[in-house]
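# Descriptive analysis of the structure
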Amino acid sequence: MPASAVPLPLVCEVTSEEVPTISIRLEERTPTALRGVLIQDDKRLGIFLSSKPKQYRQTTWSFFTQDAANSGTALLFENDLVWNPHKRVPKPQDVNRVIFVGLDNALFFWRTEEFAANRELLRAAAGFWTISAQCLGGRIVRS
């Protein structure tokens, strides 16, 4: 992990709409992403990173444990309207939902069988996640 990670003033919580006991708690900012942990029932499953959207580039996610790492694209939404870097609306700061494309497959084929047998985790990983009000499309509301 880069030494230049800075704690965020507020925790950015991203919660599974399918399984609300599974969430991502983003707690630090690195030069390229927000970093935190994937949590199920208060158990930390691994480190999760989410890059903020940039002009002409989608948001990305990364997840890793001691055993393996994987990454993919994240699709951002404002309610049911998908964010597109080539359109004016919705704006990145207005997104409130996300789908982590490929996270379910990454967890299913992880090097350990810990995740493949976890049906709730796989269901959450394949569905929509709600972005808390403290998060503005990868940016944090200033306090």
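Calculation criteria
The written sequence of each chain sets the order in which its residues are numbered from 1. Confidence filtering applies because this is a predicted model: local features only for residues at pLDDT of at least 70, side-chain atom pairs given and counted only at 80 or more, and all residues used for totals across whole chains, interfaces and linings. Excluding hydrogens and water, the side-chain values take into account all heavy atoms of the structure. Grouping buried Ala, Val, Leu, Ile, Met, Phe, Trp, Tyr and Cys residues that are joined through side-chain atoms within 4.5 Å yields what is termed a nonpolar core. Working definition: with a 1.4 Å probe on protein chains only, accessible area under 20% of the residue-type maximum means buried, over 50% means exposed, and in between means partly exposed. Under the scheme used here, helices are H or I runs from DSSP no shorter than 4 residues and strands are E runs no shorter than 2 residues, and both carry numbers assigned from the N terminus. What makes two residues a contact is simply this: any of their non-hydrogen atoms within 4.5 Å. Arc definition: directions from the helix axis to the C-beta atoms. Salt bridges are defined by distance alone: a side-chain nitrogen of Lys or Arg within 4 Å of a carboxyl oxygen of Asp or Glu. Stacked, edge-to-face and tilted labels apply to pairs of Phe, Tyr and Trp rings (six-membered ring for Trp) whose centres lie within 6.5 Å, assigned for plane angles under 30 degrees, over 60, and everything in between, in that order. Pairing between two strands is assigned when DSSP locates at least 2 bridges connecting them.

### Focus on the nonpolar core
- Of all hydrophobic cores here, the largest spans 31 residues; its most connected members are V14, F63, F100, L107 and W129.
- It is helix 2 (residues 119-126) that provides the largest number of residues to this core, a total of four residues.
- Dropping the residues within four chain positions of it, L107 is found in contact with F63, F115, A116, L121, L122 and A125.

### Structural notes on helix 2
- Within the sequence span of helix 2, burial applies to L121, L122, A124 and A125. The arc that holds the buried residues of helix 2, viewed along the axis, is 160 degrees, so those residues lie on one side.

### What about the pattern of salt bridges?
- By the definition in use, this model includes seven salt bridges.
- Salt-bridge contacts for E27 lead to R44; the nearest nitrogen and oxygen are separated by 3.9 Å. With E27 in strand 2 (residues 22-29) and R44 in strand 4 (residues 43-50), this residue pair connects regions lying 17 residues apart in the sequence.
- Connected through salt bridges with shared partners, the residues E17, D80 and R97 form a single ionic network.

### Quick look at the packing of aromatic side chains
- Here the structure, examined in full by the defined rule, presents nine aromatic pairs.
- Plain terms: the ring middles of F48 and W61 are 6.3 Å apart, the flat faces sit at 15 degrees to each other, and that makes the pair stacked. Of this pair, F48 sits in strand 4 while W61 sits in strand 5 (residues 59-64); the two residues are 13 residues apart in sequence, bridging distant segments of the chain.
- Measuring from ring centre to ring centre gives 6.5 Å for F48 and F63, while their planes differ by 45 degrees; the resulting arrangement is tilted. Of this pair, F48 sits in strand 4 while F63 sits in strand 5; the two residues are 15 residues apart in sequence, bridging distant segments of the chain.
- For F48, a relative accessible area of 0% puts it in the buried group.

### Observations regarding the pairing of strand 6 (residues 69-78)
- Pairing analysis gives six bridges linking strand 5 to strand 6, with the strands arranged antiparallel. Of the residues in strand 6, the one forming a bridge with S62 is S71.
- Between strand 5 and strand 6, which follow one another and run antiparallel, lie four residues.
- Looking at chain direction, strand 6 and strand 8 (residues 97-100) are connected through four bridges and run antiparallel. Its bridge partner being in strand 8, L75 is matched across the sheet by I99.
- Strand direction decides the pairing type here: strand 6 and strand 7 (residues 81-82), joined by two bridges, are antiparallel. Counted as the bridge partner of F77 is V82 from strand 7.
- Hairpin remark: strand 6 followed by strand 7, antiparallel, with two residues in the connecting loop; positive phi at N79, about 55 degrees.

### What to know about unusual backbone geometry
- The phi torsion at D42 lies on the positive side, around 70 degrees, for a residue other than glycine.
- Relative to the helices and strands, D42 resides in the loop between strand 3 (34-40) and strand 4.
- If you check the backbone angles, N79 has positive phi at about 55 degrees while not being a glycine.
- With respect to the helices, strands and loops of the structure, N79 is situated in the loop between strand 6 and strand 7.

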